Amino acid sequence: MTSCIFCKIANGDLPSEKVYEDEHVFAFMDITPVTKGHLLVIPKNHYENVYDLPADEASHLFSVVPKLAQALKETFQQEGMKGLNVLQNNGAEAGQSVFHFHMHLIPRYDKQEDGFQPGWEPQIETLTHDKIAAFAERVRQLTETK
Ligand code: AMP
Ligand code: ZN
């Protein structure tokens, strides 16, 4: 879909901090992360939401989630990562703002370390683009070993 930003990211027509790519799936850092390491996993083909997603695409997509989760854990556990949300919104009323199916992987941290709160607000001031790019590099390296 030519007007879709996630199609453009998956095609390489828009820049992103890529973490993983294969024939069907593309994973990249969220541009306004809720926590350190917040990333998105998308099918390369355009589907608006879970109602449109064919089972084989769902299967391809979820097959990479465990290794991305593992890479996030190995990257950030020394910095206080304690949990991980795998989240997916369908429809504006459910909080969907980009209408190309995507899953959020959101590391959760010990509140005492780094001052991260367990909320859903983007940490725009703390998590600058330079930091996001550096996180992507670390997660990408570990994902390649999985
Ligand atoms: P949702 O609210 O579930 O539709 O989530 C959409 C997510 O896409 C939000 O967390 C945005 O920060 C993220 N986002 C929007 N544009 C970009 C972009 N160009 N690169 C990376 N993430 C983006
Ligand atoms: Zn799209």
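Preceding this section is the structure that the text describes.
Residues numbered from 1 in each chain as written. Chains lettered and ligands numbered in written order. Predicted model: local features only at pLDDT ≥ 70, side-chain atom pairs only at ≥ 80, totals over all residues. Heavy atoms only, no water.

**As for a nonpolar patch on the surface**
What counts, and what does not: Only residues whose relative accessible area exceeds 30% and that form no salt bridge enter a patch; like-charged residues are grouped when within 9 Å of one another, and nonpolar side chains (Val, Leu, Ile, Met, Phe, Trp, Tyr) when within 5 Å. Methods summary: accessible areas were calculated by the Shrake-Rupley approach with a probe of 1.4 Å, and residue burial reflects only the protein chains presented. For this document, the term salt bridge refers to a Lys or Arg side-chain nitrogen within 4 Å of an Asp or Glu carboxyl oxygen. Here a strand is any run of E in DSSP of at least two residues, a helix any run of H or I of at least four, and the numbering for each starts at the N terminus.
A cluster of nonpolar side chains, F62, L84 and V86, forms an exposed patch at the surface whose accessible area comes to about 240 Å². Here V86 shows up in strand β4 (residues 81-87).

**Here's the deal with the site of ligand 1**
The test is simple: Nearness here has a simple test: a residue counts as near a molecule or strand if at least one of its heavy atoms is within 4 Å of that partner. In the analysis that follows, any N or O atom pair within 3.5 Å is treated as a polar contact, provided that within protein one partner can donate a hydrogen and the other can accept it, and provided that, for residues neighboring in sequence, both atoms belong to side chains.
Neighbouring ligand 1 are 16 residues; D30, T32, G95, S97 and H104 lie closest to it. Between I31 and ligand 1, the recorded distance is 3.1 Å, taken from a backbone N or O atom to a nitrogen atom. A distance of 2.9 Å is found between an oxygen atom of ligand 1 and a side-chain nitrogen or oxygen belonging to N89. Out of a free accessible area of 510 Å², ligand 1 has 83% covered by protein chains. Broken down by secondary-structure element, the contributors of at least two residues to the shell around ligand 1 are α1 (5-11) and β2 (25-29).

**A closer look at the coordination of the zinc ion (ligand 2)**
Stated formally: Each metal site is built from N, O and S donor atoms within 2.8 Å (3.2 Å for Na, K and Ca), and since water is not included, such sites may look incomplete. Think of it this way: with four donors and all angles in the 85 to 135 degree range, the site is tetrahedral; with four or six donors, opposite ones beyond 155 degrees and the rest between 65 and 115, it is square planar or octahedral; otherwise it is irregular. Partly exposed describes any residue whose relative accessible area lies between the buried limit of under 20% and the exposed limit of over 50%, with all areas from a 1.4 Å probe on protein chains only and scaled to the type maximum.
Of the protein atoms, only C4 (SG), C7 (SG), H46 (ND1) and H100 (ND1) coordinate the zinc ion (ligand 2), at distances of 2.0 to 2.3 Å. Taken together, the four donor atoms coordinating the zinc ion (ligand 2) span angles of 106 to 117° at the metal, a pattern that classifies the geometry as tetrahedral. Along the chain, the residues that donate to the zinc ion (ligand 2) are spaced as C-x2-C-x38-H-x53-H. Of this pair, H46 sits in the loop between β3 (39-43) and α2 (55-63) while H100 sits in the loop between β4 and β5 (103-109), placing them 54 residues apart in sequence. For H100, a relative accessible area of 0% corresponds to the buried category.

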